[in-house]
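Next come the chains, spelled out residue by residue.
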Amino acid sequence: MEFNEKLQSLRKSRGMTQEELAESLYVSRTAVSKWESGRGYPSIDSIRDIAAFFSVTIDDLLSSEKILSLAEKENRHNIQRICNLLWGMVDLFTLMLIVLPLYPHPVGEHIASVSLPAFSGLSAFSIAVYWVMYLALMAAGALKVIFTQLNIRRGEKAVSYCSMGLSVLTVLFLILTRQAYGAAIMFVLLMVKGMLYLKYIRA
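Procedures and definitions
- Residues numbered from 1 in each chain as written.
- Predicted model: local features only at pLDDT ≥ 70, side-chain atom pairs only at ≥ 80, totals over all residues.
- Heavy atoms only, no water.
- Buried < 20%, exposed > 50% of the residue type's maximum accessible area, 1.4 Å probe, protein only.
- Helix = DSSP H or I, 4+ residues; strand = E, 2+ residues; numbered from the N terminus.
- Axes fitted to C-alpha atoms, helices over the stretch in contact; angles between N-to-C directions.
- Parallel < 35°, antiparallel > 145°, perpendicular 65-115°, else oblique.
- Left-handed = near helix turned anticlockwise from the far one by under 90°.
- Contact = heavy atoms within 4.5 Å.
- Nonpolar A, V, L, I, M, F, W, Y, C, P; charged D, E, K, R; others polar.
- Salt bridge = Lys/Arg side-chain N within 4 Å of Asp/Glu carboxyl O.
- Polar contact = N/O pair within 3.5 Å; in protein donor to acceptor, adjacent residues only side chain to side chain.
- Phe/Tyr/Trp six-rings, centres within 6.5 Å; stacked < 30°, edge-to-face > 60°.
- Lys NZ or Arg CZ within 6 Å of the ring centre and 35° of its normal.
- Arc of directions from axis to C-beta.

Some words on unusual backbone geometry
Working step 1: In this model, S55 sits at a positive phi of 55 degrees, which is unusual for a non-glycine residue.
Working step 2: By relative accessible area, S55 is classed as exposed at 64%.
Working step 3: Even without glycine at this site, N151 takes up a positive phi of about 55 degrees.
Working step 4: Within the secondary structure layout, N151 lies in the loop between α8 (124-149) and α9 (156-176).
Working step 5: A residue is classified by how much of its surface remains accessible, and N151, at 48% relative accessible area, is partly exposed.

Notes on the packing of helix α6 (residues 64-92) against α9
Working step 1: Here α6 crosses α9 at 40 degrees, and the two axes come no closer than 12 Å. Between α6 and α9, the angle falls in the class oblique. Our pair here, α6 against α9, has a crossing hand that is left-handed. Counted together, N84, W87 and D91 of α6 and E156, S160, S163, M164 and S167 of α9 form the full contact between these two elements.
Working step 2: Taken together, the residues of the contact of α6 with α9 break down into two nonpolar, four polar and two charged.

Quick word on the pattern of salt bridges
Working step 1: Summed over all chains, the structure comprises four salt bridges.
Working step 2: Here D45 ties to R48 by a salt bridge, and the two come within 2.7 Å at their closest N and O atoms. In this pair, D45 and R48 are both assigned in helix α4 (residues 44-53), three residues apart and thus about one turn of the helix distant.
Working step 3: With relative accessibility at 45%, the residue D45 sits in the partly exposed group.
Working step 4: Given a relative accessible area of 43%, R48 falls into the partly exposed group.
Working step 5: For E156, the salt bridge identified is with K144, shortest N-O distance 2.8 Å. Here K144 lies in helix α8 and E156 lies in helix α9, a separation of 12 residues in the sequence. The pair formed by E156 and K144 is uniform in burial state, with each residue classed as buried.

Some points on the side chain of E156
Working step 1: Judged by relative accessible area, E156 falls into the buried class, the value being 4%.
Working step 2: At a separation of 2.8 Å, a polar atom in the side chain of E156 contacts the side chain of K144.
Working step 3: Contact partners of E156, with chain neighbours within four places excluded, come to N84, K144, F147 and Y200.

A short note on the packing of aromatic side chains
Working step 1: Here the structure, examined in full by the defined rule, presents six aromatic pairs.
Working step 2: A centroid spacing of 6.0 Å and a plane angle of 5 degrees characterise the contact between Y130 and Y134, whose relative ring orientation is stacked. Here Y130 and its partner Y134 are both found in helix α8, four residues apart, which amounts to about one turn of the helix. One exposure class covers both Y130 and Y134, and it is buried.
Working step 3: Three or more aromatic residues joined by ring pairs form one cluster here, namely Y103, F119, Y130, Y134 and F173.
Working step 4: Here the basic side chain of R14 rests over the ring of F53, its NZ or CZ set 5.0 Å away from the ring centre.

Considering α4
Working step 1: Those residues of α4 that fall on the buried side of the exposure criterion are I44, S46, I47, I50 and A51. Along α4, the residues classed as buried sweep out an arc of 160 degrees about the axis, all on the same side.
Working step 2: Looking at the packing, one finds that the buried side of α4 touches α1 (3-13), α2 (18-25), α3 (29-36), α5 (58-61) and α6.
Working step 3: Phi turns positive one or two residues past the end of α4, at S55, with a value near 55 degrees.

What follows is the structure, given as structure tokens:
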């Protein structure tokens, strides 16, 4: 007997509806329906809750191989979730390029370092490009965090690709406009995202 059949049998033996079982397990009725139709499996924690609720062992519900497979899948999901959150945070760190004094500004005979709002050493167009790129990266980071927290998969890859492309373009533009400090910081953030991507696809 498969897990979905066992769950249905246990639920019916208690005379419970899917909604009542869902309330007892603190999950949605949709989740219970999905499990009973064989379209998915609960998380390891939910399996423990189900076993405890019906006073059976986890082995009664699933084979050892299936438990191991679910544990590996959950571990991959957790690693990918952490990578996504860190990716989003890296993009949000682009704020440093706005607030830190990274841009050279002549003051008399000396060169001072100022933040982006006080910077006027380049054309208005170049400075506007900085603002657009930085704010776009921060928006991508915020979307990445929101998508991860709400477990939204649709559009998440598109945000990642846009984020990576924007980072590359930002590094190139900073180099082109001879902003060494900004280019160095942006390059480090780009490398961190590259490492997170490799960790993500290996998970």
